[in-house]
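Below are the chains, spelled out letter by letter.
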Amino acid sequence: MSGGYRKPDASEGLRLHLNENTAGCSPAVFDELRALTRFDAAFYPDYEAAQAAVAGFFGVDPAFVLLTNGLDEGILAVTAAAFRDRSGGVPEGLGVLPAFDMYEVCSHALGGRLVTVPLGSGFEYRFDDLRGARTPQTRIVFLTNPHNPTGMRLPLDPVRALIPAVAPALVFLDEAYADFSGDSLIDAALLDRHRNLVVGRTFAKAYGLAGLRVGALLAHPDTLAPMRLVVPPYSVNAWAAAVLPTAVADREYRDWYIAQAAQSRARLAAACERLGLRTWPSAANFMLVDAGPGASALAARLAGRGIHVRDKSSEPGCEGCLRMTTGIVEHTDRLIAAIEEALCARPR
Ligand SMILES: Cc1ncc(COP(=O)(O)O)c(C=O)c1O
């Protein structure tokens, strides 16, 4: 996500390659942004209200919340905290392949490495393989629910069982897309019981705040303490901090977008079935589509029609696959029409 990113300008069309909310943020949030003053820009932000609102939303005490500059910074902070223990050599993260690339980027940036086990043939997590791949250097296990790039839900019982099984290694459960699936392990009693569990959330997706950069880590206060040392004191900007209470309170907007995503998934899955393209059951605001050996050519044709999707086809474990945002129904319908056109125009 970070490396090859270039922001297409408005004339370049529809951005369905980064799982953003292409409807924008909630109108109430935007009103609040517009009401901010020169002084909000001039003063260091205060996080008390934002932290309390996020904690209230997740039903935990504010001490269980660490706001971060996007969940990307949360991943950096949790990895840094895990890799402080360098006894026995190079610290290791453990995850699956394919997965969100920041787990590897952060592991390398912090002087460690990432060990991966492949997902199964249906893109399912193989929890026994994960356990079996642990080494004495394993400091953190990265899980994503729903998973990126497949959009698939993780079964929660094996996740719950893995947490004590890998302790004292941290389990980082990335719930960037959990607003869409409704599945979450954020629970004060669970976080209290499992001090090695850290859950990550972002307001970039369901809330449309990707440009404001704000996410959160949730864990027991003792677990969060080393991560608080990594995240700089004013890492979340004043604009993000000011609007977070309104963003989490505006359930109507969030629920509308979640419902749009559900309809979009159903429409794209049905269209792909008609066109003979395989998909996987997504619970997020995106879908992985197997377009076979012509995947890159299809992505290029869609880009030529002004629709940008994410070409994952050359990434290990994702051969032939494109990842497409399934958010706003109107945008999904444009995507489907463009896929149909591009496939019909394809030289045989
Ligand atoms: C699985 C996953 N985790 C974390 C992030 C980062 O989110 P943020 O934009 O809040 O940094 C993303 C963004 O695409 C993601 O897909």
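Asks: Whenever I open this one, the site of the ligand confuses me. Can you help?
Replies: Within the structure, the ligand sits among 15 residues, and Leu71, Asp174, Tyr177, Thr202 and Arg213 are positioned closest to it. Contact distances for the ligand include 2.6 Å between a nitrogen atom and a side-chain N or O atom of aspartate 174. Measuring from an oxygen atom of the ligand, one finds a side-chain N or O atom of tyrosine 177 at 2.6 Å. Taken by itself the ligand offers 390 Å² of open surface, and the protein chains cover 98% of this. With four residues, helix α4 (residues 70-82) is the single largest residue contributor to the shell around the ligand. When grouped by side-chain class, the residues that make up the shell around the ligand number seven nonpolar, four polar and four charged.

Asks: Help me understand unusual backbone geometry in this model?
Replies: For residues besides glycine, phi is generally negative; the peptide bonds are generally trans as well. Here asparagine 145 and proline 146 are connected by a cis peptide whose omega angle stands at -5°. Mapped onto the elements of the fold, proline 146 is located in the loop between β5 (138-144) and α7 (156-166). With phi around 60°, asparagine 19 is a residue other than glycine that occupies positive phi space. If you trace the backbone, asparagine 19 turns up in the loop between β1 (14-16) and α1 (27-35). Within the chain, arginine 213 stands out as a residue other than glycine whose phi angle is a positive 60°. Turning to its location among the elements, arginine 213 is positioned in the loop between β7 (197-202) and β8 (215-218). Classification of arginine 213 by relative accessible area gives partly exposed; the value is 26%.

Asks: Looking at this structure, I do not really get the pairing of β8. What am I missing?
Replies: Along any regular strand, the residues point their side chains to alternate faces of the sheet. Neither face of β8 is left uncovered, since the one carrying Gly215 and Leu217 and the one carrying Ala216 and Leu218 both have all their residues buried. As paired strands, strand β2 (residues 65-68) and β8 are joined by four bridges and run antiparallel to one another. Residue pairing for β8: leucine 67 is matched across the bridge by alanine 216. Sheet analysis places β7 next to β8, joined by four bridges and oriented antiparallel. When the sheet's bridge partners are listed, glycine 200 is paired in β8 with leucine 217.

Asks: What exactly am I supposed to notice about the sheet that holds β7 here?
Replies: Across a sheet, strands are paired by hydrogen bonds formed along the backbone, either parallel or antiparallel in direction. Sheet architecture is open: seven strands sit in the order β2-β8-β7-β6-β5-β3-β4, paired in mixed fashion. Strands with a single pairing partner mark the edges of an open sheet, and in this sheet they are β2 and β4 (113-118). Each strand axis lies, on average, 25° off the axis of its neighbour in the sheet, ignoring direction. Lying on the sheet, α7 is in contact with β5, β6 (170-174) and β7; it crosses β5 at an angle near 170°.

Asks: How should I be thinking about the side chain of lysine 205 in this particular structure?
Replies: Here lysine 205 shows up in the loop between β7 and β8. Buried within the structure, lysine 205 lacks any salt-bridge partner; its nearest side chain of opposite charge belongs to glutamate 20, at an N-O separation of 7.2 Å. Engagement of the side chain of lysine 205 in a polar contact is seen with the side chain of tyrosine 177, the distance being 3.3 Å. When near neighbours in sequence (up to four residues on either side) are disregarded, lysine 205 contacts Leu18, Asn19, Asn21, Ala176, Tyr177, Phe180, Tyr257 and Asn285.

Calculation notes
- Residues numbered from 1 in each chain as written.
- Predicted model: local features only at pLDDT ≥ 70, side-chain atom pairs only at ≥ 80, totals over all residues.
- Heavy atoms only, no water.
- Near = heavy atom within 4 Å.
- Polar contact = N/O pair within 3.5 Å; in protein donor to acceptor, adjacent residues only side chain to side chain.
- Areas by Shrake-Rupley, 256 points an atom, 1.4 Å probe, with all protein chains shown as cover.
- Helix = DSSP H or I, 4+ residues; strand = E, 2+ residues; numbered from the N terminus.
- Nonpolar A, V, L, I, M, F, W, Y, C, P; charged D, E, K, R; others polar.
- Buried < 20%, exposed > 50% of the residue type's maximum accessible area, 1.4 Å probe, protein only.
- Pairing = 2+ DSSP bridges.
- Axes fitted to C-alpha atoms, helices over the stretch in contact; angles between N-to-C directions.
- Contact = heavy atoms within 4.5 Å.
- Lys, Arg positive; Asp, Glu negative; His and termini not counted.
- Salt bridge = Lys/Arg side-chain N within 4 Å of Asp/Glu carboxyl O.

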